[in-house]
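Now for the letters of each chain:
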Amino acid sequence: ASKLSDPEQLHNTLEDDARYCWHPYTQHTSPNRPAVITGAKGSWLTLEGGQKVIDGISSWWVNTVGHGRSEIASAVARQVEKMDHVIFAGATHDQAANLAKRIVKLTGGAMDRVFFSDNGSTAVEIGLKMAFQYWRNKGDHRRTKFVSFNGGYHGDTFGTMSVGSGELFHSVFKELCFDGIRLNPTTFHKSYLSPRGSEGLEDDLNQLRGFFAENHQVMAGVLIEPLVQGAGGMMMQSVEWLQSLGELCNRYKVPLILDEVFTGMGRIGQYFAFQRAGIKPDIICIAKGLTGGVLPLSITMATESIYEGFLSDDKSSALLHGHSYTANATGCAAAHATLDIYQRESLVDRAMHLERQFEIWATKFTENELVDNPRVLGGIIAFEVRGTGASSYYADVGEDIRRVGQKYGIFLRPLGNTCYFVPPLSISDEELEFSFDAMYNTLSEVKGGRV
């Protein structure tokens, strides 16, 4: 293949892809072909023909420290030479033990125990199993219902589909999923989930308090993406509402499970969203940015109280869950190198800098009548394209934005007509300015109907 000219390589890649690949979240009857990405460095992706574009979505929100970090590559290489992977059942190693200690310390004492797995969906699945079995181990068989929230996305395994927004992504599997209870969150902005936004906070809180008073005895746990619901349209919750939810869980002793797969690892200006929100969870699920987007690795953390609920002379009371690559030593090495970069470059503080820049940008775009409903939190900005209505995952304008954006030098993947910009936290100010200009040009062209 190395002897082929670039056009031939491109043709072969697209031909092989069309013949053999099955892409996620893709309807393959669509005439839109995938972008061929040939390289990645820092905040930039290299496309076919050599064009460079800003990675405006951190490659599905995982690449928080920039692509091609030599520190991570070196750490991975050293670990592979020493010990690539070993079983984690009945064995341990320094990379996993030290990483568990390091992550627990980042929670400031809120969490005590770490269970390793491979991806965000699995991390949440484990959190659900922890909460459910915790009650069963205590002999409480009434606690069978999980409370989750409309607009939430937690993954594509059957447990996570059961507690996610089934009507959006998983309706075909509904009859195979278990029943739970779904409520609407209160967003600080007006949304399809919360039409009045913060104006309806008091009414929403009264309903939430009444719900807990009537139903807490059947609740196995409450699961939520704290502060930001990602794939459901970048809906951002009222902090007061989220704090009240946490207080109710604490009052009624209902485990609060936080899906921080997206919001964790510094994205919103703290290492974890629960720290910025000021709530106390019982279980936290993290993935995505844990290894800087280099290797699959995820963590489900729990309090000592949850952990102790599994301690017994009865072996069947243990958490009987595991994966071949649990606590993969190479992935753990990548995570250590990633955390070193976070600390050395103050990337959590950098997320707050991005928030300030995004707020300025949101004001400008609103004044220029390009966007509706702009919302910002840490290294996240989202909005709907003006004139395309409320948030809709299946809106065709999303494909227009993706295609036009590449022309102006930015790689985007909107959620229908909800456009978001979630760059690596390491993005420079100069790259931010370039991204702002690219977004402005993209939105102007799409809104003007010149696509």
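All figures in this text were calculated on a predicted structure; none of them were measured in a lab.

Conventions used here
Residue numbers here run from 1 along each chain, matching the order of that chain's written sequence. Given that this is a predicted model, residues contribute local features only at a pLDDT of at least 70 and side-chain atom pairs are listed and counted only at 80 or more, while totals for whole chains, interfaces and linings are drawn from all residues. Side-chain numbers come from the whole structure's heavy atoms, not from hydrogens or water. A strand pair is defined by DSSP finding two or more bridges across the two strands. Strands are runs of DSSP state E lasting at least 2 residues, helices are runs of H or I lasting at least 4, and numbering of each runs from the N terminus. Lines are fitted to the C-alpha atoms to define the axes, a helix being fitted only along its stretch in contact, and any angle between axes, read from their N-to-C directions, falls within 0 to 180 degrees. Geometry of aromatic contacts follows a simple scheme: Phe, Tyr and Trp rings, the Trp one being its six-membered ring, pair when their centres are within 6.5 Å, and the pair is stacked under 30 degrees between planes, edge-to-face over 60, tilted otherwise. We call a residue buried when its accessible area falls under 20% of the maximum for its residue type, exposed when it is over 50%, and partly exposed in between, using a 1.4 Å probe and counting protein chains only. Only lysine NZ and arginine CZ atoms are considered, and such an atom sits over a ring when it is within 6 Å of the ring centre and within 35 degrees of the ring normal. We call two residues in contact whenever any of their non-hydrogen atoms come within 4.5 Å of each other. Two N or O atoms form a polar contact when they lie within 3.5 Å of each other; inside protein one atom must be a possible hydrogen donor and the other a possible acceptor, and for residues adjacent in sequence the pair counts only when both atoms belong to side chains.

**Some words on the sheet that holds strand S5 (residues 145-149)**
Ordered in space as S4-S12-S11-S10-S7-S5-S6, the seven strands form an open sheet in which the pairing is mixed. Strands at the two margins of the open sheet, each flanked by one partner only, are strand S4 (113-117) and strand S6 (181-183). For this sheet, the mean angle separating the axes of adjacent strands, direction not counted, is 20 degrees. Both strand S11 (residues 283-286) and strand S12 (residues 298-302) contribute to a ladder of four bridges, which runs antiparallel. Counted as the bridge partner of cysteine 285 is threonine 300 from S12.

**Focus: the packing of aromatic side chains**
Going through the model one piece at a time under the given rule, you end up with 23 aromatic pairs. Between tryptophan 61 and tyrosine 420, the ring centres sit 5.8 Å apart and the planes meet at 80 degrees, which makes this aromatic pair edge-to-face. Separated by 359 residues along the polypeptide, tryptophan 61 in helix H2 (residues 58-61) and tyrosine 420 in strand S16 (residues 418-421) bring together distant segments of the chain. Accessibility classification places tryptophan 61 together with tyrosine 420 in one group, the buried group. Aromatic pair phenylalanine 358 and phenylalanine 436: ring centres 6.5 Å apart, planes at 65 degrees, arrangement edge-to-face. Of this pair, phenylalanine 358 sits in helix H13 (residues 347-367) while phenylalanine 436 sits in helix H15 (residues 429-447), placing them 78 residues apart in sequence. Taken as a pair, phenylalanine 358 and phenylalanine 436 share a single burial class, namely buried. Connected via pairs of aromatic rings, a cluster forms that spans Phe358, Trp361, Phe365, Phe421, Phe436 and Tyr440. Geometry around tryptophan 135 places arginine 143 over its ring, the cationic atom sitting 4.0 Å from the centre.

**Some thoughts on the environment of glutamine 343**
Tracing the chain through its elements places glutamine 343 in helix H12 (residues 329-345). Accessibility expressed as a relative area gives 44% for glutamine 343, which makes it partly exposed. Separated by 165 residues in sequence, glutamine 343 and phenylalanine 178 have C-alpha atoms that sit 41 Å apart. Ignoring sequence-local partners within four residues, the contact set of glutamine 343 consists of Arg102, Leu106 and Tyr271.

**Focus on unusual backbone geometry**
The residue serine 58 is not glycine, and still its phi comes out positive at about 50 degrees. Structurally, serine 58 can be placed in helix H2. Judged by its relative accessible area of 0%, serine 58 is buried. Backbone geometry places glutamate 369, a non-glycine residue, at a positive phi of 60 degrees. Secondary-structure assignment places glutamate 369 in the loop between H13 and strand S13 (371-377). Take glutamate 369: its relative accessible area is 47%, and that puts it in the partly exposed class.

**Observations regarding the pairing of strand S7 (residues 219-224)**
Burial within S7 is extensive, with six of its six residues counted as buried. Examined bridge by bridge, S5 and S7 share three bridges and lie parallel to one another. Bridging across to S7, valine 147 finds its partner in valine 222.

**Observations regarding the side chain of arginine 69**
Within the fold, arginine 69 resides in the loop between H2 and helix H3 (70-82). For arginine 69, a relative accessible area of 16% corresponds to the buried category. Here valine 65 takes part through its backbone oxygen, which lies 2.8 Å from a polar atom of the side chain of arginine 69.

**What to know about the sheet that holds strand S14 (residues 380-385)**
The strands that make up a sheet pair up through hydrogen bonds in the backbone, lying either parallel or antiparallel. What the three strands build is an open sheet, ordered S13-S14-S16; its pairing is antiparallel. A single partner strand is all that each edge strand has here, and the edge strands are S13 and S16. Averaged over all pairs of adjacent strands, the angle between strand axes in this sheet comes to 20 degrees, irrespective of strand direction. In this sheet, S16 lies alongside S14 in antiparallel orientation, the contact comprising four bridges. Following the sheet pairing, glutamate 384 is matched in S16 by threonine 418.

**Points about the pairing of S5**
For S5, the tally of buried residues reaches four of five residues, placing the bulk of the element in the interior. As judged from the three bridges shared by S5 and S6, these two strands associate in the parallel manner. When the sheet's bridge partners are listed, serine 148 is paired in S6 with arginine 182.

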